[in-house]
Amino acid sequence: MNDIRKNIEEEEILVEGTFKLSPGAILIWVLGVLFFGTPLIFFIIAAPSMTGEVNGEPASGWEVALPFVIMFGILLFIFVVAQTLKLIAIKKSQLVVTNKRIYGVYHVLVARKNFSYRLDEVDNVEMVSSLGRHTLAVQFTPGHGPAFAATTYVNGIPTSSDFGVLRMSNLKNYKEVMDVMNSLITSRKNLVDVQTDIEMSKISAENRKADALENVAKNIAGNPVNTQSNNHQTKSDDYIEELRKLKQLLDDGIITQQEFDQEKKEILDNNHR
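Predicted model, so just to flag it, every value in this text is computed and none were measured.

A. View of the pattern of salt bridges. The final tally for this structure, using the stated rule, is three salt bridges. Where R118 meets D120, a salt bridge forms, and the shortest distance between an N and an O atom there is 2.9 Å. A residue is classified by how much of its surface remains accessible, and D120, at 43% relative accessible area, is partly exposed. One salt bridge in this structure joins R118 and E121, with 3.3 Å as the shortest N-O distance. For E121, a relative accessible area of 9% translates into the label buried. Where salt bridges share partners, they join R118, D120 and E121 into one cluster.

Next comes the structure, spelled out in C-alpha cells:
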C-alpha cells in the first residue's frame, strides 16, 4: 500500500502478462488435424482401387476420389490457417498492469483490440481455468469498462455477465497477474475507506461544533443575566459557568481560538451591561 501511495505521480509497471497456447487448444488442434486429415489420407491411398460413377458414367481411381480429396483438403487447410492465426494472435497479445491502470493489446484471429482502463474503475478480478486455459476476467464498476465482451444476447440485450467485463485468455503467468491486481484493488479500496473515514470525521466535528455553538448561543439568549430581577451573585455564577463550557470546547478542539475569543467577549459584554 505504501508503494502505491509513493507512486501517485509516477506510473510504474508492476507486472506484464505473457501468453501461450493452452493444452486444451493444442488438443483441439491435434483432433482437428486428425478429423480432416484422416479422410484425406484415406481417399488418397484408396483412390487407385475405388470405383463409382461420375456424371452418370462408370469411373474409377482418381475420378471418384478427387472430389473427396479436394473437399477434405480445403477443410484441413482452413482449419490449419485458422489455428495458426489464433496462435499468432495469442503470441502478439499484451497485458500490462501498473500502479495506475491496466492496458495492452488483445488479438482474436485477425481482430485487434487496444485497451486502457484506470485501476479505480476496477471492482473485482477473477480467474477461470479450463483444460489448461486461464482466462482473466476484470470486472468494472457500473458505467465503466467495456460495454460487453461477447455478442451473447438475451431478448436482443447483451447478457448482464458481459457488461463491464474484460476477458483475456491463455495467460501463462496468471497467478502473478492475479496476485498483483488483487493487491492493488485491495489497497485502493482501503485507501478510499480511510479517506472516507477522514471526511466523515471532519463532518462529524463540524456538526458537533455547530451544535455546541448553538447551545452556547441559546444559553446566552435565555440567560437571566439580562434581567434586572436577578442578583449580582446569580449573574456571576452564570457567566462563569458559560466561560468554563466555552473553554472546554476550545480544549476539545471543537472550536478555534478565534471563535473562543469572540464568544468570550460576547459573554463578558452581556454580563457587564
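B. Structural detail: unusual backbone geometry. The phi angle at N170 is positive, at roughly 65°, despite the residue not being glycine. As for its placement among the helices and strands, N170 is situated in the loop between β11 (165-168) and α4 (174-221).

C. Spotlight on the confidence of the model for the chain. Predicted confidence across the chain gives a mean pLDDT of 75, with 70% of residues reaching 70 or more. Low confidence marks residues 149-161, where pLDDT is under 50. Its contacts with residues over four positions away, or in another chain, come to 14 contacts. Note that pLDDT drops below 50 for residues 224-230; the model gives that stretch nine contacts with residues more than four away or on any other chain.

D. Just the sheet that holds strand β5 (residues 101-108), in detail. Within the open sheet, the four strands sit side by side as β1-β4-β5-β6. Their pairing is antiparallel. Of all strands in the sheet, those bounded by a partner on one side alone are β1 (13-17) and β6 (111-118). Taken over all neighbouring pairs, the strand axes of this sheet differ in orientation by 10° on average, direction set aside.

E. Looking closely at the nonpolar core. L95, I102, F115, L136, V138 and M181 are the most contacted members of the largest nonpolar core, which has 26 residues in total. Of all the elements in the fold, those that place two or more residues in this core are β4 (94-98), β5, β6, β7 (122-130), β8 (133-140), β11 and α4. At six residues, α4 tops the list of elements feeding residues into this core. If we skip the residues at most four places from it in the chain, L95 touches V15, E16, G17, F19, I102, Y103, F115, L136, M168, L171 and V177.

Each value, and the rule that gives it
- Residues numbered from 1 in each chain as written.
- Predicted model: local features only at pLDDT ≥ 70, side-chain atom pairs only at ≥ 80, totals over all residues.
- Heavy atoms only, no water.
- Salt bridge = Lys/Arg side-chain N within 4 Å of Asp/Glu carboxyl O.
- Buried < 20%, exposed > 50% of the residue type's maximum accessible area, 1.4 Å probe, protein only.
- Helix = DSSP H or I, 4+ residues; strand = E, 2+ residues; numbered from the N terminus.
- pLDDT = per-residue confidence, 0-100.
- Contact = heavy atoms within 4.5 Å.
- Pairing = 2+ DSSP bridges.
- Axes fitted to C-alpha atoms, helices over the stretch in contact; angles between N-to-C directions.
- Core = buried A, V, L, I, M, F, W, Y, C linked by side-chain atoms within 4.5 Å.

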